[in-house]
Amino acid sequence: MTKKLLIFCSILFTFYFMAFAQTNNVKPLTIGEIRTINSKILNEDRTLNIYLPQNFDKTKSYPIIYLLDGSMNEDFIHVTGLIQFFNQMYAMPETIVVGIANIDRKKDFTFHTDLKDLQKDYPTTGHSDKFIGFLEKELKPYIKSQFKTTNNYLFGQSLGGLLATEILLKKPEMFDNYFIISPSLWWDDESLLKQANQLLSKIPDTKKFIYVSVGKGEHPVMIKDAENLYDILKKSNKKNWTVEYKMMETDNHATILHRSLYEGLVKLFPYQEPK
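Because the structure is a prediction, the values reported are computed rather than measured.

Reading the values: the criteria
Residues numbered from 1 in each chain as written. Predicted model: local features only at pLDDT ≥ 70, side-chain atom pairs only at ≥ 80, totals over all residues. Heavy atoms only, no water. pLDDT = per-residue confidence, 0-100. Contact = heavy atoms within 4.5 Å. Phe/Tyr/Trp six-rings, centres within 6.5 Å; stacked < 30°, edge-to-face > 60°. Helix = DSSP H or I, 4+ residues; strand = E, 2+ residues; numbered from the N terminus. Buried < 20%, exposed > 50% of the residue type's maximum accessible area, 1.4 Å probe, protein only. Lys NZ or Arg CZ within 6 Å of the ring centre and 35° of its normal. Lys, Arg positive; Asp, Glu negative; His and termini not counted. Salt bridge = Lys/Arg side-chain N within 4 Å of Asp/Glu carboxyl O. Polar contact = N/O pair within 3.5 Å; in protein donor to acceptor, adjacent residues only side chain to side chain. Expected span 1.5 Å × (residues − 1). Bend = angle between axes of the 7 residues up to and from the residue. Pairing = 2+ DSSP bridges. Axes fitted to C-alpha atoms, helices over the stretch in contact; angles between N-to-C directions. 1 Å grid on protein atoms, 1.4 Å probe; cavity = no way out; pocket = protein on both sides within 12 Å on 5 of 7 lines; lining within 4 Å. Points joined across faces, edges and corners; volume = space filled by probe spheres on them. Nonpolar A, V, L, I, M, F, W, Y, C, P; charged D, E, K, R; others polar.

Caption draft 1: Spotlight on the confidence of the model for the protein. With 91% of its residues at a pLDDT of 70 or more, the protein has an overall mean of 92. Of the regions scoring below 50 in pLDDT, residues 4-9 engages in 1 contact with residues more than four places distant in sequence or in other chains.

Caption draft 2: Geometry of the packing of aromatic side chains. Summed over all chains, the structure comprises 21 aromatic pairs. Each ring, one from Tyr 90 and one from Tyr 271, has its centre 5.6 Å from the other, and the planes form 70°; the classification is edge-to-face. With a gap of 181 residues between them, Tyr 90 in the loop between α2 (76-89) and β4 (96-100) and Tyr 271 in the segment after α9 (256-268) connect regions that are remote in the sequence. Taking the relative accessible area as the measure of exposure, Tyr 271 reaches 40% and is therefore partly exposed. Between Tyr 153 and Phe 179, the aromatic rings sit 6.2 Å apart at their centres with planes inclined by 45°, giving tilted as the arrangement. Here Tyr 153, found in strand β5 (residues 148-157), pairs with Phe 179, found in strand β6 (residues 177-181); they are 26 residues apart in sequence, far enough to count as distant. For the pair Tyr 153 and Phe 179, a shared accessibility class is recorded, and that class is buried. The structure contains a cluster of three or more aromatic residues connected by ring pairs, namely Phe 85, Phe 86, Tyr 90, Tyr 262 and Tyr 271. The aromatic ring of Phe 175 is capped on one face by Lys 140, whose charged end is 5.0 Å from the ring centroid. Lying across the ring of Phe 111, Lys 170 places its NZ or CZ 5.4 Å from the centre.

Caption draft 3: Just the side chain of Lys 208, in detail. Here Lys 208 lies in strand β7 (residues 208-215). Despite its burial, Lys 208 pairs with no opposite charge, the nearest such side chain being Asp 176 at 4.9 Å. Of the polar contacts made by the side chain of Lys 208, one reaches the backbone oxygen of Pro 172; its length is 2.9 Å. At 2.8 Å, the side chain of Lys 208 and the backbone oxygen of Phe 175 are in polar contact. For Lys 208, the contacting residues outside a window of four places in its chain are Leu 168, Pro 172, Glu 173, Phe 175, Asp 176, Tyr 178, Asn 240, Trp 241 and Thr 242.

Caption draft 4: Spatial organisation of helix α5 (residues 128-146). Taking 1.5 Å as the rise per residue, α5 with 19 residues should run 27 Å; its terminal C-alpha atoms sit 25 Å apart, in good agreement. At Leu 135, α5 is deflected by roughly 35°, the largest bend along its length. Among the residues of α5, those classed as buried are Ser 128, Phe 131, Ile 132, Gly 133, Phe 134, Leu 135, Glu 138, Leu 139, Lys 140 and Ile 143.

Caption draft 5: Main features of the sheet that holds β7. Spatial strand order, β1-β2-β4-β3-β5-β6-β7-β8: 8 strands in an open sheet with mixed pairing. Bordering the open sheet on either side are β1 (32-39) and β8 (241-248), each of which pairs with just one other strand. Neighbouring strand axes in the sheet, compared pairwise and without regard to direction, differ in orientation by 20° on average. On the sheet, helix α8 (residues 220-234) packs against β6, β7 and β8 and is oriented at approximately 160° with respect to β8.

Caption draft 6: Layout of unusual backbone geometry. Of note, the phi angle at Asn 43 is positive, near 60°, even though the residue is not glycine. Along the chain, Asn 43 falls in the loop between β1 and β2 (44-51). Judged by relative accessible area, which is 68%, Asn 43 ranks as exposed. Positive phi, normally seen in glycine, also occurs at Asp 188, with a value near 55°. Relative to the assigned elements, Asp 188 resides in helix α7 (residues 187-200).

Caption draft 7: Just the layout of surface pockets, in detail. Computed from the structure, the largest pocket encloses a volume of approximately 230 Å³. Every residue along the wall of the largest pocket is listed here: Thr 30, Ile 31, Gly 32, Tyr 51, Leu 52, Pro 53, Gln 54, Asn 55, Gln 84, Asn 87, Gln 88 and Glu 94. For the lining of the largest pocket, the leading source of residues is α2, giving 3 residues. Residues that form the lining of the largest pocket fall into these classes: 4 nonpolar, 7 polar and 1 charged.

Caption draft 8: Summary view of the side chain of Asn 49. Note that Asn 49 resides in strand β2. For Asn 49, the side chain forms a polar contact with the main-chain oxygen of Gly 70, separated by 2.9 Å.

This is the structure we're talking about:
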């Protein structure tokens, strides 16, 4: 074997060894699970991105956050980071996050409207009743069958905030805590707001935490509607409801979610100096 060939073989072996060593040092970074659930109500498969606490123990019970707009390229990653931070630095217990990945949020998060301009702009609109049925009759029972659970949360922004408001007013027993961020209550000429007092009069006074927020940089209608929702909820005289409102002074519709969720969670889990 010539000297040049020996050198070449030596270099090739070195690169191979380095590549093999680097491959052995690579491990997947896992923060939870991706599951698929078949919905007979929606007649489709739905993807669930599930964040599990670092010290997850299947024998323990955990609070559950149901996150609308829970796709990997939407709100799942940054919201789970926020929850992990609150688990570490605040009094929030370790919590599971169930991110519900979207297929057509305009279809799932809006109720029927007869307004022609909305039907034109949102041609698939008006099927929130089916999506709520999916949450109530399929998703929540499935999660309870897979994990031991305690109280639960619903996080929704924009059209997701509209859906969260609809659930609060029509099926409030579904969730214990509602985070309603920049809700699109303008939908259907504000018909949900107009029905709110009548719907609230039929709702039992069971313990709930409700947080409503809106950005100062948002459309004036969004601000007005969020403030009206807060006023209606406060005046409903539900003694076991804690209703909070936050105007996010430096945020608009695009930037509000993360910082607003932080402010809402602080209301539930204020920071305490270590003893």
